[in-house]
Amino acid sequence: MKQSRLVALGAACAVIAAAMSITTHMVRGQMNAASTQVYNPYPTGILPSNISSELARVEREVDFIENEAIGQWHALTPPTLTGNPPILQNTGVQSVEVLGKLMNFDKHISPNENVACASCHMPYAGFSGPIPSVNLTMIAYPGSVHFRAGKRTAQRYTYSSYFPPLQYNTTQAAFFGGNFWDSRATGYLLRAPDAEQAQFPPVDPLEMGNSDTACITFKLSLAAYRPLFEEVWGKGSFAINFPPDTAQICAMPNIGGSATQVPLSPADRTRSNNVYDHWAQSLSAFEKSDSVSPFTSKFDAYLKGSATLTADEMAGYNLFRGKGNCNSCHLDGRSTAPSPTAPSSEDTGTAASTAPLFTCFGSANLGLPKNPRDSFYYETTPDSFGFTPNPEGFAYTDLGLGTFLRSGFGSAPNPNLSWRKFASTSDGQMQTSTARDVGLAPPQCPTTEAPGPYFQKEFFHNGYIKSLKQLVHFYNTRDVYKFGVESGNCPAGTIEKVNCWPSPEVEANKDMTVGDLHLTDQEENQIVKFLQTLSDGYTTPYPDVNTYTGACMSGGNASTQGNRTIISAFAMHH
């Protein structure tokens, strides 16, 4: 790097750092009273006992990776802007990806400066929930205002950037695309659903909780990495006249009021919106990079011909694309054979895709029971700001895509009125996530399965399932062991998740291509073995996977994993 550039960059960073220090002091001063007031409407046992120490652990890990990203930024070759249209020759891709990484691990974006995007999405968990005890108990993650929490599990980032904009396919009579469990990040404006997904959590009252998207723009203008932002998106990006009390406004969390708390002129609001779009696009670049979605699993090596699946893994693969019917939704580039509609069929061809995404980009209602452990059901009283996250309590029913199409409570406005008429036939449907990285775990806790040592994850939108074994067993036996009870109330002599599945939260539109697959116990285990071959990091190490500093769990068995934390839904009605 040329000396003149170093001097200029150093001077710029010094000015920005000084401004950031002053603003940070103002922000923290504003939030002192708020940050000490904990919102805890939960009965004993919903919040894990180690919640505070675990949140602090994740903060330290986030800081570590943020510092790593700062080093990667400073190691970038000085850019050369050339061509027509102008392009950052040689360095453009790395620059926008590193910028996205810096943003992803930046805690200063949240009102209390204690939550980054990564706080709920860490690399060692496949960019999903990083706290085993939260995955086991409260399901959703606390936001910047502790302990406000959302209503669903932290969905994995991996390969989310490959989902297309939400579209209704009239021939198939089904929706495809979008991001989030309910597909509410449609991509209608940026044409990239994962980019639009990145615009929701910063202003969600139950997540980062900023009161205005302009607060993110304001904080980016003070960020240490502002020079990189301006290199990528233009020197005039922050030519915005922020009111002198912006720091104070942005220090107060979102309580569901006006979306434009910061009084900006129309021109400045447009500039701020442009910055927020670039925030989203940068995060999208990071999510599509080899840091997040690298196609480095054992299965990828198998497709290349450079790895051999074990006997159990190969048996699991054949079941995945045959008797298990998994491939019908989690597409692997092969036909489903045998299939429920063609039980004697056989696929003898080669893979049609060497980079299969293991999703159809669609949505389905799998018939999951309601999970009484979900913290959202208990957030029925006002917090210290007078905000009540869930006035409906346990009466709230998560209709997923159907709620979004109605522009309903807990979702987002539907930007296409013509979709509204499909709400009732979409009730209960949740996005078909990729099966890639479903089993990704830290190297010291190398599996998600008991007896371990294992890293406790949570699966599906409401975290009801606690192991891959349970997940496959649910698909296999949902309709074999169905009981007209709610979770925690299985009849005597049965074991929930083993030979008792409570009633679906949403019965309508239930997917009937699964539920009675006639898989043996061994075949279930073989499918689990195959799913584990989809974890990235086999051919080259998965970036930042070794940053987990927490404890592993051990003991028990995968079939009943987490069952000791089941609580009765009956009490919720009385």
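Please refer to the structure placed before this passage.
Chemist: How should I be thinking about the nonpolar core in this particular structure?
Modeler: One recurring pattern in soluble globular proteins: nonpolar side chains tend to sit buried together. Within the largest apolar cluster, 69 residues are counted, with the highest numbers of intra-cluster contacts made by M103, F105, M122, Y124, L220, Y225 and W279. Among the elements of the structure, α2 (51–74), α3 (92–104), α6 (213–221), α7 (226–233) and α9 (266–288) are those that each provide at least two residues to this core. The element best represented in this core is α2, accounting for seven residues. Here Y225 is in contact with E66, W73, L99, L102, M103, D106, I109 and L220, once residues within four sequence places are set aside. Counting residues in hydrophobic clusters, the runner-up holds 30 residues, among them A435, V438, I527 and F530.

Chemist: What exactly am I supposed to notice about unusual backbone geometry here?
Modeler: Outside of glycine, negative phi angles account for most residues, and trans bonds account for most peptide bonds. The peptide bond linking H146 to F147 adopts the cis configuration, its omega dihedral lying at 5°. That bond from A450 to P451 is cis: its omega, 10°, falls within 30 degrees of zero. The residue P451 is located in the loop between β6 (430–431) and α13 (468–477) in this model. Positioned with a positive phi, N325 is a non-glycine residue whose angle comes to about 65°. Of note, N325 is situated in the loop between α11 (311–320) and β5 (363–364). Exposure remark for N325: the relative accessible area of 5% places this residue in the buried category.

Chemist: I keep staring at α2 and nothing clicks. Help me out?
Modeler: Since the α-helix advances by 3.6 residues per turn, residues separated by three or four positions end up pointing in the same direction. With 24 residues, α2 should reach 34 Å at 1.5 Å per residue; the first-to-last C-alpha distance of 35 Å fits that figure. Three or more residues of α2 are buried, namely I51, E54, L55, R57, V58, E61, V62, I65, E66, A69 and W73.

Chemist: How should the packing of aromatic side chains be read in this particular structure?
Modeler: Note on aromatic pairs: each is described by the distance of the centres and the angle between the planes. If you walk through the whole model with that rule in mind, you get 37 aromatic pairs. Here F299 and Y302 contribute two aromatic rings whose centre-to-centre distance is 5.8 Å and whose plane-to-plane angle is 35°, an arrangement assigned as tilted. Of the two residues, F299 and Y302 are both situated in helix α10 (residues 298–304); the distance of three residues between them amounts to about one turn of the helix. What makes F299 buried here is its relative accessible area of 0%. Overall, Y302 belongs to the partly exposed group, its relative accessible area being 22%. With centroids separated by 6.4 Å and ring planes inclined at 50°, the aromatic side chains of F358 and F530 adopt a geometry described as tilted.

Chemist: Before we go on, may I ask you to explain the packing of α13 against helix α14 (residues 521–532) in this structure?
Modeler: Think of two packed helices as two axes; the pair is described by the angle between the axes and how far apart they sit. The contact between α13 and α14 brings their axes to 9 Å, and the two run at 125°. As the angle between them shows, α13 and α14 are arranged oblique. In terms of crossing hand, the pair formed by α13 and α14 is right-handed. Contact residues: L468, K469, V472, H473, N476 and T477 in α13; D521, E524, N525, I527, V528, L531 and Q532 in α14. Grouping the constituent residues of the contact of α13 with α14 by class yields five nonpolar, five polar and three charged.

Chemist: Would you explain the pattern of salt bridges in this entry?
Modeler: Pairs may arise between side chains of opposite charge once their charged atoms sit close together. Enumeration according to the criterion identifies 24 salt bridges in this entry. Across the pair E523 and K323 runs a salt bridge whose closest N-O atoms are separated by 2.9 Å. With E523 in helix α14 and K323 in the loop between α11 and β5, this residue pair connects regions lying 200 residues apart in the sequence. As a salt-bridge pair, K469 and D521 come within 2.7 Å of each other at their nearest N and O atoms.

Chemist: Would you mind going over the environment of T336 with me for this structure?
Modeler: Here T336 shows up in the loop between α11 and β5. Leaving out residues up to four positions away in the same chain, T336 has contacts with R321, G322, N325, N327, S328 and S345. At 3.2 Å, the side chain of T336 and the side chain of N327 are in polar contact.

Conventions adopted
- Residues numbered from 1 in each chain as written.
- Predicted model: local features only at pLDDT ≥ 70, side-chain atom pairs only at ≥ 80, totals over all residues.
- Heavy atoms only, no water.
- Core = buried A, V, L, I, M, F, W, Y, C linked by side-chain atoms within 4.5 Å.
- Buried < 20%, exposed > 50% of the residue type's maximum accessible area, 1.4 Å probe, protein only.
- Helix = DSSP H or I, 4+ residues; strand = E, 2+ residues; numbered from the N terminus.
- Contact = heavy atoms within 4.5 Å.
- Expected span 1.5 Å × (residues − 1).
- Phe/Tyr/Trp six-rings, centres within 6.5 Å; stacked < 30°, edge-to-face > 60°.
- Axes fitted to C-alpha atoms, helices over the stretch in contact; angles between N-to-C directions.
- Parallel < 35°, antiparallel > 145°, perpendicular 65-115°, else oblique.
- Left-handed = near helix turned anticlockwise from the far one by under 90°.
- Nonpolar A, V, L, I, M, F, W, Y, C, P; charged D, E, K, R; others polar.
- Salt bridge = Lys/Arg side-chain N within 4 Å of Asp/Glu carboxyl O.
- Polar contact = N/O pair within 3.5 Å; in protein donor to acceptor, adjacent residues only side chain to side chain.

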